[in-house]
Amino acid sequence: MAATLSVDAQQPDGDDDSASEENEDKEIIDPCLTDEGTDENISQGIPLETIVNMHRPVSYIKNMEDIQNKDFIFMISPFKYDPLHPERRPTANYIQNRRGNRSDVDHVLMPYSKFNVTKNKKSVWLFNREALVILKTMCDNHTATFNDFKGAIRKCMHHHCELGSLEKLINQVYSNEERGHFMSIVLSNICNLSLDVDKICGQSPPLLCSGSNRSVTMSQEQVASLLACSVFCLYPMRSEQKAKNKYRNFPNPNFNLLYKSGHPRKIQKLKCIFHYFRRVTENMPTGVITIQRAVLPKAHFPRWSEVKTDLCDLHLTTGQKIEDVPSVLQVDFANKYIGGGVLGSGCVQEEIRFSICPEMLVSLLMCEKMEPNECIFLIGCERYSSYIGYADSFQYGGNYDDNTTTHLNRELLKAYTSFIPSRYGSDYTSGIATGNWGCGAFNGDKYLKAIIQLMAASAAGRPLIYAAYRDKVLINSFYIVYEFLKDQKATVSDCYRYLQRYFSQGKRQSLFDYILDTPVSSLKS
């Protein structure tokens, strides 16, 4: 599995679901349908195998036992990975008398916290546990129905909630066999993971707030337990955020918005998520997952007009999606709220990735919205589902075995922040797989995005793999522009001048045409 990086493209303010709903009625261009020619795939530039083989693989990880930094937080007992014994199961790192009882600003308020109480100071967790135990008993007795599942969710949320999409999946979309297996086996296991969350996790996860360089490492079992709590909407103060709530700038990790009636793609995302729970409860994986927030200090902002670095190696392809490129950093530019509309109606690049890799959803629990100079690394998250389609045509595609400017300076900074290998040292030069970020629902200029990412990767000293799935026109034209720039020995600062002049002259032609019509030597005048 490759490391994945989430960074935000410019989007409307608001919560994740409102942002996705706002774009639901927009025409969303399926990147698989942008080419009018045949289905034959093309590639240009440096061969993909050359980039993958010549540069250090992204899987390099320091020995956990050697990390002595308070900003690297372990929810498991640090251990040295032994490739001869990959089945070793991580153990929870218990903190005496602090198992989820924290109510401070630095940690998630957990469902079992002693501070999670009603207005009458009664424990919410004891009430919710009773509802989950009753549901689990019915599951184990093969008598549980959707109404029982619905009743447990409503009891845990302590108010009426509309669950139209969830009901349609279980009662109409699932076959009799699928419904019986889910209600008797999978749902019972989800109840177990929720009921045992205090034992499995051992402590409250930290909040990764804006402006902080922090990371948290946990086991895949801990992630499954935390996400099981999201199934029953157990996280307090998150589903209905209020102005003075400390979580007002955090996504909602509970699934209540995904359960509501709406577009059929909600049902397909739920199928992906429930398939994940079936997989992990049949055979719990023993890996670890790290979520790291990274901030680029202002002193390190590149002065783009002065960067004399040559352009990086470039591979362009219409034949692969970003998530299919192995052994590289896979970059997703989307919402400033991590996950975007994944738990709402959104279903484009970011939401699809989080649906087929549901372990990424745990980042919604901990990560505050991103600023322009921030990015979030998701390392070790496994892919569990295949899929077909995009946006309105998105569908769960079965099991997957993972064996693997208007704001020009802001976007350059965002790309550079995600590409720069600051965590691993200057010799960390693995390839970067990226694509047309912000060019679907948000109508971005794909030529501009291509040049911005070429500049950022070049300044970071890393080769670029540009996966514009089945968009042959872009791949061919981008390669022509790239060859033109390389032939003229253009540097990053030259590209920056191209962008400055392009915007100043009113954009009467495409950016690629403007570059091809403008010799590098003329930029000096």
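Residues numbered from 1 in each chain as written. Predicted model: local features only at pLDDT ≥ 70, side-chain atom pairs only at ≥ 80, totals over all residues. Heavy atoms only, no water.

- Looking up the protein chain in an unreviewed UniProt entry gives the name poly(ADP-ribose) glycohydrolase, with the organism given as Rotaria socialis.
- One UniProt comment on the protein chain, placed under Sequence similarities (unreviewed entry), says "Belongs to the poly(ADP-ribose) glycohydrolase family." (UniProt positions renumbered as here; feature names shortened; annotations may be inferred.)

## Structural notes on the state of the cysteines
Reasoning step 1: Counted under the stated rule, the structure contains zero disulfides.
Reasoning step 2: Cys-201 provides the cysteine sulfur closest to Cys-229, a residue in no disulfide bond, and the two sulfurs are 7.3 Å apart. (Disulfide = S-S within 2.5 Å.)

## Quick word on the pairing of strand S12 (residues 464–467)
Reasoning step 1: Of the two faces of S12, the one holding Leu-464 and Tyr-466 and the one holding Ile-465 and Ala-467 are both buried throughout.
Reasoning step 2: Where strand S6 (residues 314–317) lies against S12, four bridges are found, and the strand directions are parallel. Looking at S12, one finds that Thr-317 is bridged to Ala-467.
Reasoning step 3: Pairing analysis gives three bridges linking strand S11 (residues 432–434) to S12, with the strands arranged parallel. Residue Ala-433 lies in a different strand from S12, and its bridge partner there is Ile-465. (Buried < 20%, exposed > 50% of the residue type's maximum accessible area, 1.4 Å probe, protein only. Helix = DSSP H or I, 4+ residues; strand = E, 2+ residues; numbered from the N terminus. Pairing = 2+ DSSP bridges.)

## Comments concerning the packing of helix H3 (residues 124–140) against helix H6 (residues 176–195)
Relative orientation and spacing of two packed helices are given, respectively, by the angle between their axes and the distance between those axes.
Reasoning step 1: The N-to-C vectors of H3 and H6 enclose an angle of 155°; their axes lie 8 Å apart at closest approach. Comparing the axis directions of H3 and H6 gives the class roughly antiparallel. Relative to H6, H3 is oriented so that their crossing is left-handed. In this structure, H3 uses Trp-125, Arg-129, Leu-132, Val-133, Leu-135, Lys-136, Cys-139 and Asp-140 to contact H6, whose residues at the interface are Met-183, Ser-184, Leu-187, Ser-188, Cys-191, Asn-192, Ser-194 and Leu-195.
Reasoning step 2: Residue classes in the contact of H3 with H6 are distributed as nine nonpolar, four polar and three charged. (Axes fitted to C-alpha atoms, helices over the stretch in contact; angles between N-to-C directions. Parallel < 35°, antiparallel > 145°, perpendicular 65-115°, else oblique. Left-handed = near helix turned anticlockwise from the far one by under 90°. Contact = heavy atoms within 4.5 Å. Nonpolar A, V, L, I, M, F, W, Y, C, P; charged D, E, K, R; others polar.)

## Overview of the pattern of salt bridges
Reasoning step 1: Using the criterion set out here, one finds twelve salt bridges in the structure.
Reasoning step 2: With a shortest N-O distance of 2.9 Å, Glu-374 and Arg-293 are connected by a salt bridge. Residue Glu-374 is found in strand S8 (residues 374–379), and its partner Arg-293 is found in strand S5 (residues 288–295); the two are separated by 81 residues along the sequence. Neither residue differs from the other here; Glu-374 and Arg-293 are each classed as buried.
Reasoning step 3: Put simply, Asp-324 and Arg-383 hold a salt bridge, and the shortest N to O gap is 3.2 Å. Of this pair, Asp-324 sits in the loop between S6 and strand S7 (329–334) while Arg-383 sits in the loop between S8 and strand S9 (385–388), placing them 59 residues apart in sequence. (Salt bridge = Lys/Arg side-chain N within 4 Å of Asp/Glu carboxyl O.)

## Section: the environment of Arg-278
Reasoning step 1: Structurally, the position occupied by Arg-278 is in helix H10 (residues 265–282).
Reasoning step 2: For Arg-278, a relative accessible area of 36% translates into the label partly exposed.
Reasoning step 3: Here the alpha-carbon distance between Arg-278 and Ile-185, two residues 93 residues apart in the chain, equals 8.4 Å.
Reasoning step 4: Excluding residues that lie within four positions of it along the chain, Arg-278 makes contacts with His-181 and Val-186.

## Concerning the side chain of Lys-269
Reasoning step 1: Along the polypeptide, Lys-269 turns up in helix H10.
Reasoning step 2: Of the side chains bearing the opposite charge, Glu-351 lies closest to the buried Lys-269, which forms no salt bridge; the N-O distance is 6.6 Å.
Reasoning step 3: Here Gly-344 takes part through its backbone oxygen, which lies 2.8 Å from a polar atom of the side chain of Lys-269.
Reasoning step 4: Those residues in contact with Lys-269 that lie beyond four places of it in its chain are Leu-258, Gly-341, Val-342, Gly-344, Ser-345, Gly-346, Ser-355 and Phe-394. (Lys, Arg positive; Asp, Glu negative; His and termini not counted. Polar contact = N/O pair within 3.5 Å; in protein donor to acceptor, adjacent residues only side chain to side chain.)

## A short note on the pairing of strand S10 (residues 395–399)
Working note: regular strand, side chains alternate between the two faces of the sheet.
Reasoning step 1: Note: S9 against S10, three bridges, orientation antiparallel. For Ile-388, the partnering residue across the bridge sits in S10 and is Gln-395.

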